[in-house]
Amino acid sequence: MTRPTRQREHDRGRTRQGEERSADEEAADADEIDVDDLDPEDLTRTADGELIHEETGLIVEEEQIDPGPEWRAFNHSERQSKSRVGAPTTKTMHDKGLTTTIDWKDKDAYGRSISSKKRSQMHRLRKWQERIRTKDAGERNLQFALSEVDRMASALGVPRSVREVASVIYRRALDEDLIRGRSIEGVSTSALYAACRKEGIPRSLEEISEVSRVERKEIGRTYRYISQELGLEMRPVDPKKYVPRFCSELELSEEVQSKANEIIETTAEQGLLSGKSPTGYAAAAIYAASLLCNEKKTQREVASVAQVTEVTIRNRYQEQIEAMGIPT
């Protein structure tokens with residue numbers, strides 16, 4: 001037999017009261033939780049940007065600002081067509097890339113060729129546009145220096161991050177009035193050399209001087225001056241950072257590269273690296289590793305790639321094999 005209708009309604013009312021009571025108790029418990037007492041390891045960031053406490057389900061942060069655009073794009077062409085902003089600012093340009101440019105194409109907005117009168121007018125506009133980009137001698141010198149940095153960085157094959165750091169270093173030297181009495185090429189080359197070292201992509205002074213218009217001695221002197229005045233913290237270059245590039249140019253195997261790194265690590269722990277040129281030290285280790293791995297390269301070949309003398313390789317080589325205990 002089924003229960004009377006009045007009894008069933010009474011049971012449903014008691015169930016609803018229990019649910020409401022439990023919900024109120026949970027809300028009261030959540031109010032009693034102090035956010036500062038929660039363990040940060042128990043907090044989880046969801047895909048929606050909310051920060052929740054897994055054990056209690058408490059939402060700690062829920063208001064997230066979306067800095068992205070309001071539109072969606074599924075490939076590069078859509079992203080380019082929908083974007084309403086230009087390129088990001090960069091320190092590698094004297095005006096940080098905020099200037100306007102006039103296209104060199106003599107066409108209108110519909111792609112049709114313009115008349116000869118309009119072409120001469122656009123030619124004059126482009127000429128004056130280039131002139132007014134630099135309002136004084138200081139900006140012209142900065143433009144020339146940054147173009148030199150870009151040219152040398154391209155010749156050395158270093159990434160864009162190095163060019164950005166070099167531009168920042170040069171701008172700091174310009175603000176501190178360290179350029180006075182020195183050539184623009186010398187300071188820009190020194191800034192690029194310092195940026196290579198800071199970014200962990202070292203280039204030797206010989207390599208830098210090959211793409212520069214100043215001598216190696218002036219680059220080293222200017223580099224020491226600006227690094228001291230600007231307080232650039234430069235650690236000694238690790239010879240192992242030269243090994244992959246030198247081995248690649250010598251067409252040596254991974255085994256030789258690994259053995260050269262082992263030689264550098266073992267001998268450096270014994271204090272042989274102190275006061276030595278990192279390029280010469282790396283070249284000697286590569287020469288020793290090529291002999292041990294039966295991929296012999298002459299001292300002249302290794303010296304030519306590392307841009308050091310054969311005497312340097314012989315001296316470092318003798319020191320390294322003696323420290324390793326390898327019979328000659």
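Residues numbered from 1 in each chain as written. Predicted model: local features only at pLDDT ≥ 70, side-chain atom pairs only at ≥ 80, totals over all residues. Heavy atoms only, no water.

1. Topic: the nonpolar core
Next, step 1: Grouped together as the largest cluster of nonpolar side chains are 32 residues, with contacts concentrated most on Ile-169, Tyr-170 and Leu-192.
Next, step 2: For this core, the element with the most residues is helix α6 (residues 184-198), which contributes eight residues.
Next, step 3: With 29 residues, the next largest nonpolar core counts Val-237, Val-256, Ile-264 and Tyr-317 among its residues. (Core = buried A, V, L, I, M, F, W, Y, C linked by side-chain atoms within 4.5 Å. Buried < 20%, exposed > 50% of the residue type's maximum accessible area, 1.4 Å probe, protein only. Helix = DSSP H or I, 4+ residues; strand = E, 2+ residues; numbered from the N terminus.)

2. Brief notes about the packing of helix α9 (residues 243-250) against helix α11 (residues 278-292)
Packed helices, taken two at a time, are described by the angle between their axes plus the distance between the axes.
Next, step 1: Packing of α9 against α11 brings their axes to within 10 Å, and their N-to-C directions diverge by 50 degrees. When the axis of α9 is compared with that of α11, the two are oblique. Between α9 and α11 lies a crossing of right-handed hand. Between α9 and α11, the contacting residues are Val-243, Phe-246, Cys-247 and Leu-250 on the first element and Thr-279, Ala-282 and Ile-286 on the second.
Next, step 2: In terms of residue class, the contact of α9 with α11 is made up of six nonpolar, one polar and no charged. (Axes fitted to C-alpha atoms, helices over the stretch in contact; angles between N-to-C directions. Parallel < 35°, antiparallel > 145°, perpendicular 65-115°, else oblique. Left-handed = near helix turned anticlockwise from the far one by under 90°. Contact = heavy atoms within 4.5 Å. Nonpolar A, V, L, I, M, F, W, Y, C, P; charged D, E, K, R; others polar.)

3. Here we look at a positive patch on the surface
Next, step 1: A surface patch of like charges, here positive, comprises Arg-182, Lys-217, Arg-221 and Arg-224.
Next, step 2: Tracing the backbone through its elements, the reader meets Lys-217 in helix α8 (residues 216-230).
Next, step 3: Overall, Lys-217 belongs to the exposed group, its relative accessible area being 63%. (Patch = residues over 30% accessible without salt bridge, like charges linked within 9 Å, V, L, I, M, F, W, Y side chains within 5 Å. Areas by Shrake-Rupley, 256 points an atom, 1.4 Å probe, with all protein chains shown as cover. Salt bridge = Lys/Arg side-chain N within 4 Å of Asp/Glu carboxyl O. Lys, Arg positive; Asp, Glu negative; His and termini not counted. Charge placed at Lys NZ, Arg CZ, Asp CG, Glu CD.)

4. Notes on the sheet that holds strand β3 (residues 59-61)
Next, step 1: Ordered by their spatial adjacency, three strands build an open sheet running β1-β2-β3, and the pairing between neighbours is antiparallel. In this open sheet, the two strands that pair with only one neighbour each are β1 (43-45) and β3. Within the sheet, the average angular offset between the axes of one strand and its neighbour, ignoring direction, is 30 degrees.
Next, step 2: Pairing of strand β2 (residues 51-53) with β3, which is carried by two bridges, proceeds in the antiparallel orientation. Residue pairing in the sheet places Leu-51 in a bridge with Glu-61 of β3. (Pairing = 2+ DSSP bridges.)

5. Regarding the packing of helix α4 (residues 137-156) against helix α5 (residues 160-175)
Next, step 1: Packing of α4 against α5 leaves a shortest axis separation of 10 Å and a crossing angle of 150 degrees. Judged by the inter-axis angle, α4 sits roughly antiparallel to α5. Considering how the two elements wind past one another, α4 and α5 form a crossing that is right-handed. Residues Asn-141, Leu-142, Ala-145, Leu-146, Val-149, Asp-150, Ala-153 and Ser-154 of α4 pack against Arg-163, Ala-166, Ser-167, Tyr-170, Arg-171 and Leu-174 of α5.
Next, step 2: Along the lines of polarity and charge, the residues of the contact of α4 with α5 split into eight nonpolar, three polar and three charged.

6. Thoughts on the packing of aromatic side chains
Next, step 1: Per the counting criterion, the structure on display carries three aromatic pairs.
Next, step 2: With centroids separated by 4.8 Å and ring planes inclined at 80 degrees, the aromatic side chains of Tyr-193 and Tyr-223 adopt a geometry described as edge-to-face. With a gap of 30 residues between them, Tyr-193 in helix α6 and Tyr-223 in helix α8 connect regions that are remote in the sequence. Residue Tyr-193 shares its accessibility class with Tyr-223, and that shared class is buried.
Next, step 3: Ring geometry for Tyr-287 against Tyr-317: centres 5.1 Å apart, planes inclined by 75 degrees, an arrangement best described as edge-to-face. Residue Tyr-287 is located in helix α11, and its partner Tyr-317 is located in helix α13 (residues 310-324); the two are separated by 30 residues in the primary sequence. No difference in accessibility class separates Tyr-287 from Tyr-317, as the two residues are buried.
Next, step 4: Taking NZ or CZ as reference, Arg-182 lies 3.7 Å from the ring centre of Tyr-225, over its face. (Phe/Tyr/Trp six-rings, centres within 6.5 Å; stacked < 30°, edge-to-face > 60°. Lys NZ or Arg CZ within 6 Å of the ring centre and 35° of its normal.)

7. Brief notes about α9
Two residues of an α-helix separated by three or four positions point the same way, owing to the 3.6 residues in each turn.
Next, step 1: Inspection of α9 places Val-243, Arg-245, Phe-246, Cys-247 and Leu-250 among the buried residues, and these make up the whole buried set.
Next, step 2: At the exit of α9 stands Glu-251, carrying a positive phi of roughly 60 degrees.

8. A look at the pattern of salt bridges
Next, step 1: Here the structure, examined in full by the defined rule, presents 13 salt bridges.
Next, step 2: Here Glu-148 ties to Arg-213 by a salt bridge, and the two come within 2.5 Å at their closest N and O atoms. Linking Glu-148 in helix α4 with Arg-213 in the loop between α7 (205-211) and α8, this pair joins segments that are 65 residues apart in sequence.
Next, step 3: Owing to a relative accessible area of 5%, Glu-148 belongs among the buried residues under this scheme.
Next, step 4: Measuring nitrogen to oxygen at the nearest pair gives 3.0 Å for the salt bridge that ties Arg-216 to Glu-206. Here Glu-206 lies in helix α7 and Arg-216 lies in helix α8, a separation of 10 residues in the sequence.
Next, step 5: Residue Arg-216 is classed as partly exposed on the basis of its relative accessible area, which comes to 42%.

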